[in-house]
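# What the coordinates show
One letter stands for each residue in the lines below.
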Amino acid sequence: MRIHIQNDPADPLFEITETTWREAVARAPDIGTGHTVSIGSSDAAFAAAIGEAEALITVTGEVAARFPCAAPRLKMIFVTSAGLDRLAPFGWLAPGVALLNNRGTHGEKAGEYAIMAVLMLANHMPDLAADQQAQRWHKRYGSVLAGRRLTVVG
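So, here is what we can say about the structure in this document. Remember, it's a predicted structure, so these values are computed and weren't measured experimentally. (Residues numbered from 1 in each chain as written. Predicted model: local features only at pLDDT ≥ 70, side-chain atom pairs only at ≥ 80, totals over all residues. Heavy atoms only, no water.)

### Quick notes on a nonpolar patch on the surface
To be explicit about the condition: Patches in this entry comprise residues that are over 30% relatively accessible and not in a salt bridge; like charges within 9 Å are linked, as are nonpolar side chains (Val, Leu, Ile, Met, Phe, Trp, Tyr) within 5 Å. The method behind every accessible area is Shrake-Rupley, applied with a 1.4 Å probe, and residues are considered shielded solely by the protein chains displayed. By convention in these notes, a salt bridge is any Lys or Arg side-chain nitrogen within 4 Å of a carboxyl oxygen on Asp or Glu. Helix numbers and strand numbers start at the N terminus; a helix is a DSSP run of H or I with at least 4 residues, a strand a run of E with at least 2. Using a 1.4 Å probe on the protein chains alone, a residue whose accessible area is under 20% of its type maximum counts as buried, one over 50% counts as exposed, and one in between counts as partly exposed.
A surface patch of nonpolar side chains, amounting to about 390 Å² of accessible area, comprises Tyr113, Met116, Met120 and Met125. Among the elements that make up the nonpolar patch, the one with the highest residue count is helix α5 (residues 107–122) (three residues). With respect to the helices, strands and loops of the structure, Met120 is situated in helix α5. Residue classification places Met120 among the partly exposed residues on the basis of a relative accessible area of 35%.

### Examining the pairing of strand β1 (residues 2–6)
Operational definition: Should DSSP find at least two bridges between two strands, the strands are taken to pair.
Of all five residues in β1, five are buried; the element is thus mostly enclosed. Burial of the side chains of β1 extends over both faces: Arg2, His4 and Gln6 are buried on one face and Ile3 and Ile5 on the other. With five bridges connecting them, β1 and strand β2 (residues 36–40) associate as parallel partners. What sits directly across from Gln6, in β2, is Gly40. In this sheet, strand β3 (residues 55–58) lies alongside β1 in parallel orientation, the contact comprising three bridges. From the neighbouring strand, Ile3 faces β3, where its bridge partner is Ala55.

### Brief notes about the pattern of salt bridges
All told, the structure shown has seven salt bridges when counted by the stated rule. With its nearest N and O atoms 2.9 Å apart, the salt bridge here joins Asp43 to Arg66. Pair noted here: Asp43 is in helix α3 (residues 43–50) and Arg66 is in helix α4 (residues 60–66), with a separation of 23 residues, a long-range link. What makes Asp43 exposed here is its relative accessible area of 57%. Looking at Arg66, the relative accessible area reads 16%, which means it is buried. Across the pair Arg66 and Glu62 runs a salt bridge, and its minimum N-O distance is 2.7 Å. A residue pair is termed a helical-turn pair when its members lie 3 or 4 positions apart in one helix, as Arg66 and Glu62 do in helix α4 at four residues. Among the residues examined, Glu62 registers a relative accessible area of 10% and is labelled buried. What emerges from the salt-bridge pattern is a single network uniting Asp43, Glu62 and Arg66.

### What about unusual backbone geometry?
With an omega of 5°, the peptide bond running from Phe67 to Pro68 counts as cis. Mapped onto the fold, Pro68 is located in the loop between α4 and β4 (76–79). For His124, which is not glycine, the phi torsion reads 60° and is therefore positive.

### Some points on the nonpolar core
Here is the rule we go by: Side-chain atoms within 4.5 Å are what join buried Ala, Val, Leu, Ile, Met, Phe, Trp, Tyr and Cys residues into a set we call a nonpolar core. Throughout, a residue-residue contact means that at least one pair of heavy atoms, one from each residue, lies within 4.5 Å.
With 15 residues, the main nonpolar core has Phe67, Leu74 and Ile77 as its most contacted residues. Of all the secondary-structure elements, those providing two or more residues to this core are α3 and β4. Filtering out sequence-adjacent residues up to four positions away, Ile77 remains in contact with Leu56, Val63, Phe67, Trp92, Leu93, Val97, Ala98, Leu99 and Leu100.

### Observations regarding the pairing of β3
To be explicit about the condition: With the strands aimed away from the viewer, a crossover counts as right-handed if its path from the first strand over the helix to the second runs clockwise.
Of the two faces of β3, the one carrying Ala55 and Ile57 and the one carrying Leu56 and Thr58 are both buried. Relative to β4, β3 runs parallel, the two sharing four bridges. Each bridged residue has a counterpart across the sheet, and for Thr58 the counterpart in β4 is Val79. The handedness of the β3 to β4 crossover, carried by α4, is right-handed.

### A few points about the packing of aromatic side chains
Heads up, the rule is: A pair of Phe, Tyr and Trp rings is counted when the ring centres sit within 6.5 Å of each other, with Trp represented by its six-membered ring. The angle between the planes then sorts it: under 30 degrees is stacked, over 60 is edge-to-face, the rest tilted.
As enumerated under the stated definition, the model contains two aromatic pairs in all. Measuring from centroid to centroid gives 6.2 Å for Phe46 and Phe67, while their planes differ by 85°, and the two rings are edge-to-face. Taken together, the positions of Phe46 in helix α3 and Phe67 in the loop between α4 and β4 put the pair 21 residues apart, joining distant regions of the chain. Judged by its relative accessible area of 6%, Phe46 falls in the buried class. Taken together, the aromatic side chains of Phe46, Phe67 and Trp92 make up a single cluster linked through ring pairs.

Below is the structure:
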């Protein structure tokens, strides 16, 4: 399969490089090997690759900015984020092209974040940080959360 990876030039934090691609293939050699892969982050790299690409791996912003476009061999667009709502409505998507997202990618991280946030609130961390910035010292009472109830809405 001919795969093109289009990175967002404005967001190098999540850049996919040849090294990260090779590391991913090493973790799943049964599905990762045998592909022709190009990687780019410029308009020129996208233009050079999209005409032959069967699969595109990118972020929602790149899809929103570049589609619809001529991509005669394209069969799949894989968006590395969980959400696709930024791309709706999907009238720009050519028939026969599958649009995939990274659903569930933030599940464990979201759970850990929720635990951290509850612990920080129970121990007055926002107030302590504000007091530190203002060079103040106020005693605060933080309680243990074991045995207490928590209601999550949303």
